[in-house]
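# Results of the structural survey
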Amino acid sequence: MDVFTMAIWAGTLIFLLISLAKDREKTKKALRMAFGMGRGMVVSILSIIFAIGLILTVLPPEEIARFVSGQSVLAATLVAALIGTITLVPGFIAFPLVGTLVGAGVSVVPAVAFLTTLTMVGVVTFPLEKKEFGVKFTAVRNGLSFVFAIIIALVMGVII
């Protein structure tokens, strides 16, 4: 475990102890709520991990790299970004997945486009987001996220 992770854990523990000292009942209630939400998310997270594992079994990273390298960088970037928009995946799943693809030979620009759209744009979550925030906000947020994902990918291609 790196120093940064240990510092995060230590800070969390310190603030938890401070919260317990300040109001034991509120802290216990908050922890019960947090664990309840975590339990509710476990099925979704495991299904995403399972789906990614299945996809990588059917389409190994080397095959994906071969397909992407056969395209122009711009076409590969747009296709990767479009594929990334299908679902909204948490960063702790998305980063290792993209690391696997880059390790298999996928260029940085399409990989970054895939990563940023994977974590910022969500077609699957559109109905829920529309219900909570409205159609206009949801469409603008997803549209701008897609455009900025392409810009970020292109900038990363220049930097790296």
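Residues numbered from 1 in each chain as written. Predicted model: local features only at pLDDT ≥ 70, side-chain atom pairs only at ≥ 80, totals over all residues. Heavy atoms only, no water.

This part covers the overall build of the protein. Counting its secondary structure elements, the protein contains eight helices and zero strands. Seen in sequence order, the protein has helices and strands lined up from the N terminus as α-α-α-α-α-α-α-α. Over its C-alpha trace the protein gives a radius of gyration of 19 Å, far above what one expects of a compact globule, namely 15 Å for 160 residues. Taken over the C-alpha atoms alone, the protein extends approximately 60 × 40 × 35 Å along its principal axes. Looking at the 160 residues of the protein, the share that counts as buried comes to 24%. Taking contacts inside the protein between residues at least 6 apart in sequence as the whole, the part at least 24 apart equals 74%. Distance between charge centroids for the protein: 11 Å, based on 12 positive and 7 negative side chains. (Helix = DSSP H or I, 4+ residues; strand = E, 2+ residues; numbered from the N terminus. Rg over C-alpha atoms; globule rule 2.2 N^0.38 Å. Buried < 20%, exposed > 50% of the residue type's maximum accessible area, 1.4 Å probe, protein only. Contact = heavy atoms within 4.5 Å. Lys, Arg positive; Asp, Glu negative; His and termini not counted. Charge placed at Lys NZ, Arg CZ, Asp CG, Glu CD.)

When you line up the elements, Thr-138 lands in helix α8 (residues 135-159). Under the relative-accessibility criterion, Thr-138 is labelled buried at 0%. For Thr-138, the side chain forms a polar contact with the main-chain nitrogen of Lys-130, separated by 3.4 Å. Other than its neighbours up to four places away in sequence, Thr-138 contacts Phe-126, Glu-129, Lys-130 and Phe-133. (Polar contact = N/O pair within 3.5 Å; in protein donor to acceptor, adjacent residues only side chain to side chain.)

Per the domain assignment, the segments of the protein are domain 1 (1-46) and domain 2 (59-159). Each of domain 1 and domain 2 has a C-alpha centre, and these two points are 30 Å apart. (Domains from an automatic or database assignment.)

Next up on the list: the side chain of Thr-85. With respect to the secondary-structure elements, Thr-85 resides in the loop between α4 (73-84) and α5 (91-103). The contacts of Thr-85, once residues within four sequence positions are left out, are Thr-117, Val-121, Gly-122, Val-123 and Phe-146.

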